[in-house]
Amino acid sequence: MEDEDKEKLINAVKKVWNQIKEIVSNVVNAVIEIATQWIDYINNYTPVGYKRYLKMDQLKQSERISVGKSNNWRKIHGLSVRRGIR
């Protein structure tokens, strides 16, 4: 009797485990499919003005690292020249 109960329990646990694996694999496949569709959309329909946003990010990064740099360095990297207070 105990062996039969153990077998039933083992089979039930295996069924549950297989269902969990199936659900996880379905979720992973759905996420991959959605990500692929999103990447295809971005590649085919680039938003208007994206170059401006990239340039703004680059300038903000340069501004952050320009603290203490000379005006010549700022000119080379396309930043505004800092004028001294008179």
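Refer to the structure printed above.
Quantities reported herein were computed from a predicted structural model and do not represent experimental measurements. (Residues numbered from 1 in each chain as written. Predicted model: local features only at pLDDT ≥ 70, side-chain atom pairs only at ≥ 80, totals over all residues. Heavy atoms only, no water.)

(A) Region of interest: the environment of Leu-59. Checked against the element boundaries, Leu-59 lands in helix 2 (residues 50-65). Owing to a relative accessible area of 27%, Leu-59 belongs among the partly exposed residues under this scheme. When residues no more than four places from it in sequence are discounted, the contact partners of Leu-59 are His-77, Gly-78 and Leu-79. (Helix = DSSP H or I, 4+ residues; strand = E, 2+ residues; numbered from the N terminus. Buried < 20%, exposed > 50% of the residue type's maximum accessible area, 1.4 Å probe, protein only. Contact = heavy atoms within 4.5 Å.)

(B) Fine view of the side chain of Arg-74. Looking at the element boundaries, Arg-74 is found in helix 3 (residues 71-76). Arg-74 has contacts with Glu-63, Ser-66, Leu-79, Ser-80, Val-81 and Arg-82, leaving out every residue within four places of it along the chain.

(C) Examining the packing of aromatic side chains more closely. Applying the stated criterion across every chain yields a total of one aromatic pair. Consider the rings of Tyr-41 and Tyr-45, whose centres lie 5.1 Å apart with planes at 40°: the pair is tilted. Under the relative-accessibility criterion, Tyr-41 is labelled partly exposed at 48%. Positioned above the aromatic ring of Tyr-53, the side-chain terminus of Arg-52 is 4.9 Å from the ring centre. (Phe/Tyr/Trp six-rings, centres within 6.5 Å; stacked < 30°, edge-to-face > 60°. Lys NZ or Arg CZ within 6 Å of the ring centre and 35° of its normal.)

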